[in-house]
Amino acid sequence: MSVTRVELSNEEKILLHLLDHTHYEEKMHVPHHLTQKGISDKTGIRINHIPKTIRRLVENGELEEFLAYVHGAKRKRKAYSLTEMGKVRGKEVLSDIQGREITVVDGLGRSKETTIESVYKKVQESMSLVDLIELVDNDNRLDENLCLKGEGVQTVSRLHNAPLAKDFLGRDKELQELSQWLKGSEYPLLMLSGIRGVGKSWLVSHFMKRLVDWNKLYLDLWDIQNDRDLRSFLGDFASDLHPSLDVNSDDFYKRYCESMRHRKTLLVFENFPAQQPEMVLSLAVFLNCIASSSNIKCVLISKESNPMKVLPDPALLKDLKTKRLKGLEAEHAKKLMAVDLPPHQLDVVLDMTKGNPLALSIVFSDEVNQLVTDVPGMTTDETLILRCLKAMDLVLSG
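In this text, all values refer to a predicted model and were calculated from it rather than measured experimentally.

Participant: Could you give an account of the overall build of the protein, with specific residues and numbers?
Facilitator: Within the protein, the regular secondary structure consists of 17 helices and 12 strands. Taken across its 398 residues, the protein has 51% of its residues classed as buried. Partitioning the contacts of the protein with sequence separation of at least 6, the portion at a separation of at least 24 is 69%.

Now the structure itself:
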């Protein structure tokens with residue numbers, strides 16, 4: 001079968017991503033994934049390429065910018081939605097890409113020719129269309145193990161909130177540590193901490209999407225406002241395995257963990273702890289149930305390095321393993337740079353950013369360009385230092 005290479009431009013990725021979120025257009029409160037950083041996380045487009053792509057879509061009349069409160073933030077931030085023209089083009093892209101033909105290869109090496117639409121119908125509960133297309137290789141072949149349920153093993157995945165870890169770099173040591181923790185029995189809870197932009201969510205998402213034979217749920221606590229929301233997300237996740245589970249029962253969290261005791265399950269809570277005070281008690285109850293379960297593991301992704309400041313119950317410390325994530329090593333960090341630098345300048349950038357992936361990706365971005373103006377008498381190296389400082393300011397203030 002002769003097929004056309006399945007790939008999406010950056011504009012098409014953004015159109016498809018926002019096409020799934022048109023119900024937020026009239027709201028003053030929107031999720032993180034309608035911001036530039038959120039769009040980058042969800043589509044895999046590097047953050048320094050986002051502003052130019054968005055600007056083109058706005059100029060084409062396909063995208064509009066507005067201010068809204070983003071879940072978890074105190075101030076309004078820029079968010080984006082499709083115009084009517086953008087919806088039309090987005091649907092055209094959707095129709096075209098779903099009809100593309102690919103070859104799916106199963107775990108036994110057997111090949112089957114099908115369409116993107118056919119595969120997506122089977123995995124749409126666990127990944128976006130953009131996620132799926134990123135798994136298709138240059139020969140239009142898709143490894144079934146990366147997205148579909150293994151033969152004879154019923155598993156459930158809900159990874160819509162997980163960032164798309166495209167062009168994942170390095171982290172071999174960290175991935176090995178995650179694998180060892182997952183196989184071990186001593187600590188059911190893992191708190192992965194680090195400053196904004198260091199790649200916590202990126203690492204966990206990459207790890208989860210390649211983990212087979214596990215039930216997997218990725219939850220962003222910014223999208224959960226109360227106990228009812230948490231129960232709803234968990235109940236939806238478990239519905240395929242245990243349709244009779246009552247989300248309104250007083251002992252729901254205990255029954256939930258009991259229902260999973262014979263099934264390997266990995267849960268991830270991003271932006272831990274929850275911003276809403278009423279969620280503290282719910283999380284305390286649920287995490288204690290997880291700690292008492294034999295087959296459930298939970299990752300808590302947090303900016304806070306001191307577990308005592310974020311754990312809803314100090315008694316959980318005995319069940320918690322901590323890991324502070326640092327920046328990328330030099331060989332991988334330099335691949336995120338938008339420009340090639342002489343060795344001594346590269347060393348300056350790596351030292352000042354500490355290998356923070358987000359900072360590295362925006363040092364030479366339009367956003368930083370607007371903050372760095374030419375100062376008479378300032379050397380090239382001094383300007384570079386200023387760029388790094390501004391990039392880190394943006395990272396830490398986000």
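This is not the end of the story, as more comes after the structure.
Participant: Tell me about unusual backbone geometry, residues and numbers included.
Facilitator: Even without being a glycine, Asn-271 presents a positive backbone phi close to 55 degrees. Along the polypeptide, Asn-271 turns up in the loop between β10 (265–270) and α11 (278–291).

Participant: Tell me about helix α17 (residues 380–397), and please be specific about residues and values.
Facilitator: Its 18 residues place the ends of α17 26 Å apart at the C-alpha level, agreeing with the 26 Å of an ideal helix rising 1.5 Å per residue. Considering only its buried residues, α17 is in contact with α14 (343–353), α15 (357–362) and α16 (366–369).

Participant: How would you sum up the sheet that holds strand β4 (residues 101–105)? Please name residues and give values.
Facilitator: Read across the sheet, 3 strands follow the order β5-β4-β6 without closing on themselves; strand pairing throughout is mixed. In the strand order of this sheet, the two ends are held by β5 (111–115) and β6 (141–143), each with one partner. Recorded for the sheet is a direction-independent mean angle of 35 degrees between the axes of neighbouring strands. Sheet topology places β4 next to β5; 5 bridges connect them, and they run antiparallel. Bridge pairing in β5 links Val-105 to Ser-111. Helix-sheet contacts for helix α5 (residues 116–123) involve β4, β5 and β6, and the interaxial angle to β5 is about 95 degrees.

Participant: Could you give an account of the packing of aromatic side chains, with specific residues and numbers?
Facilitator: Scanning the model with the defined rule gives 5 aromatic pairs in all. Measuring from centroid to centroid gives 5.3 Å for Phe-252 and Tyr-253, while their planes differ by 65 degrees, and the two rings are edge-to-face. Here Phe-252 matches Tyr-253 in class, with each residue buried. Between Tyr-253 and Phe-286, the aromatic rings sit 5.3 Å apart at their centres with planes inclined by 40 degrees, giving tilted as the arrangement. Of this pair, Tyr-253 sits in helix α10 (residues 252–259) while Phe-286 sits in helix α11, placing them 33 residues apart in sequence. Residue Tyr-253 is classed as buried on the basis of its relative accessible area of 4%. What makes Phe-286 buried here is its relative accessible area of 0%.

Participant: Residue-level account of the environment of Glu-113, with values.
Facilitator: As for its placement among the helices and strands, Glu-113 is situated in strand β5. Of the residues examined, Glu-113 reaches a relative accessible area of 46% and is grouped as partly exposed. In sequence terms Glu-113 and Thr-103 are 10 residues apart; their C-alpha atoms lie 4.5 Å from each other.

Participant: Summarise the sheet that holds strand β3 (residues 76–82); cite the residues concerned and give the values.
Facilitator: Strand order in the open sheet made by the 3 strands is β1-β2-β3, with mixed pairing throughout. Both edges of this open sheet fall to β1 (29–30) and β3, since each of them pairs with a single strand only. Pairing of β1 with strand β2 (residues 63–70) involves 2 bridges; the strand directions are parallel. Directly across from His-29, in β2, lies its bridge partner Tyr-69.

Participant: Can you explain the nonpolar core? Please cite residues and give values.
Facilitator: Where a protein is soluble and globular, its nonpolar side chains tend to be buried together. If you look at the biggest cluster of nonpolar residues, it comprises 62 residues, and the most contacted ones within it are Ile-14, Leu-18, Val-204, Tyr-218, Leu-266, Val-268 and Val-299. If near-sequence neighbours (up to four positions away) are discounted, Val-268 is found in contact with Val-204, Met-208, Leu-217, Tyr-218, Leu-219, Val-299 and Ile-301. Counting 32 residues, the second largest nonpolar core, distinct from the first, contains Leu-189, Leu-234, Cys-289 and Leu-311.

Participant: Give me the lowdown on the confidence of the model for the protein, citing residues and values where you can.
Facilitator: For the protein, per-residue confidence averages 81 on the pLDDT scale, and 87% of positions sit at 70 or higher. Below a pLDDT of 50 lies the segment residues 149–153, which in the model reaches 4 contacts outside its immediate sequence neighbourhood of four places, other chains included.

Participant: Summarise the pairing of strand β9 (residues 215–220); cite the residues concerned and give the values.
Facilitator: By the criterion of burial, β9 is predominantly enclosed, with 6 of the 6 residues buried. Covered by surrounding structure in β9 are Asn-215, Leu-217 and Leu-219 together with Lys-216, Tyr-218 and Asp-220, the residues of both alternating faces. Bridge count for β9 against β10 is 6 bridges, and the pairing is parallel. For Asn-215, the partnering residue across the bridge sits in β10 and is Thr-265.

Definitions and cut-offs
- Residues numbered from 1 in each chain as written.
- Predicted model: local features only at pLDDT ≥ 70, side-chain atom pairs only at ≥ 80, totals over all residues.
- Heavy atoms only, no water.
- Helix = DSSP H or I, 4+ residues; strand = E, 2+ residues; numbered from the N terminus.
- Buried < 20%, exposed > 50% of the residue type's maximum accessible area, 1.4 Å probe, protein only.
- Contact = heavy atoms within 4.5 Å.
- Expected span 1.5 Å × (residues − 1).
- Pairing = 2+ DSSP bridges.
- Axes fitted to C-alpha atoms, helices over the stretch in contact; angles between N-to-C directions.
- Phe/Tyr/Trp six-rings, centres within 6.5 Å; stacked < 30°, edge-to-face > 60°.
- Core = buried A, V, L, I, M, F, W, Y, C linked by side-chain atoms within 4.5 Å.
- pLDDT = per-residue confidence, 0-100.

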